[in-house]
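Here are the chains, one letter per residue:
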Amino acid sequence: MHRLALCVWLAALTGAAFAFDNGQYDHVPPDIRAWFKSVIAPNGVPCCDVSDGHRTEYDVRSGAYWVPIEGQWMEVPERAIIRDRGNPVGQAVVWYVRHRGAIIISCFVPADAV
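Residues numbered from 1 in each chain as written. Predicted model: local features only at pLDDT ≥ 70, side-chain atom pairs only at ≥ 80, totals over all residues. Heavy atoms only, no water.

Asker: Let's hear about the sheet that holds strand β2 (residues 59–61): which residues, and what values?
Answerer: Paired through backbone hydrogen bonds, the strands of a sheet run either parallel or antiparallel to each other. Spatial ordering of the open sheet is given by β2-β3-β4, a layout of three strands whose pairing is antiparallel. Pairing within the sheet leaves two strands with one partner each, and these edge strands are β2 and β4 (72–75). Between one strand axis and the next, the sheet turns through 40° on average, direction left out of account. Both strand β3 (residues 64–69) and β4 contribute to a ladder of four bridges, which runs antiparallel. Paired with Pro-68 across the strands is Trp-73, a residue of β4. (Pairing = 2+ DSSP bridges. Helix = DSSP H or I, 4+ residues; strand = E, 2+ residues; numbered from the N terminus. Axes fitted to C-alpha atoms, helices over the stretch in contact; angles between N-to-C directions.)

Printed below as a string of structure tokens:
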């Protein structure tokens, strides 16, 4: 399925409002933009695009990653952690959606991913 169509489908399925690139990401270098488009969750679902990923701080607690989303710290599910794509942005990146009032973390790349 085409990546944009998949993002639109996921937005419709979850009722989430995905961010769209309306030119606010023009300053993103082509290699970084390509990296964002290439990141895929361990379950094979694309994380989508630069406008959908959120640069974030994170913490490690008892071996699990935690990220702040909308003012609350949330544990990153193991199924969302991407360890094999590297991370050229220098900060952790989290992709999430809202579904029926809940926040669902779909992808997470730690700052030190290799």
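Now that the structure is up, let's keep going.
Asker: Describe helix α2 (residues 30–38), naming the residues involved and giving the relevant values.
Answerer: Restricting attention to buried positions, one finds in α2 the residues Ile-32, Arg-33, Trp-35 and Phe-36. In a view along the axis of α2, the buried residues occupy a sector of 155°, so they form one face of it. Opposite the buried face of α2, at more than 90 degrees from it, the exposed residues are Pro-30 and Asp-31. For α2, the elements touching its buried residues are β1 (53–56), β5 (92–99) and β6 (102–109). (Buried < 20%, exposed > 50% of the residue type's maximum accessible area, 1.4 Å probe, protein only. Arc of directions from axis to C-beta. Contact = heavy atoms within 4.5 Å.)

Asker: Lay out the pairing of β5 with the relevant residues and their values.
Answerer: Within β5, six of the eight residues are buried, which leaves it mostly tucked inside the rest of the structure. Across seven bridges, the pairing between β5 and β6 is antiparallel. Along β6, the bridge assignment pairs Trp-95 with Cys-107. Where β5 folds back on β6, the antiparallel hairpin that results is connected by two residues, among which Arg-100 adopts a positive phi of roughly 50°.

Asker: Describe in detail unusual backbone geometry, supporting the description with residues and values.
Answerer: Positive phi, normally seen in glycine, also occurs at Ser-62, with a value near 50°. Secondary-structure assignment places Ser-62 in the loop between β2 and β3. Overall, Ser-62 belongs to the exposed group, its relative accessible area being 84%. The backbone of Glu-70 sits at a positive phi, close to 50°, despite the residue not being glycine. Note that Glu-70 resides in the loop between β3 and β4.

Treat this as a map of the structure, not an account of what it does.
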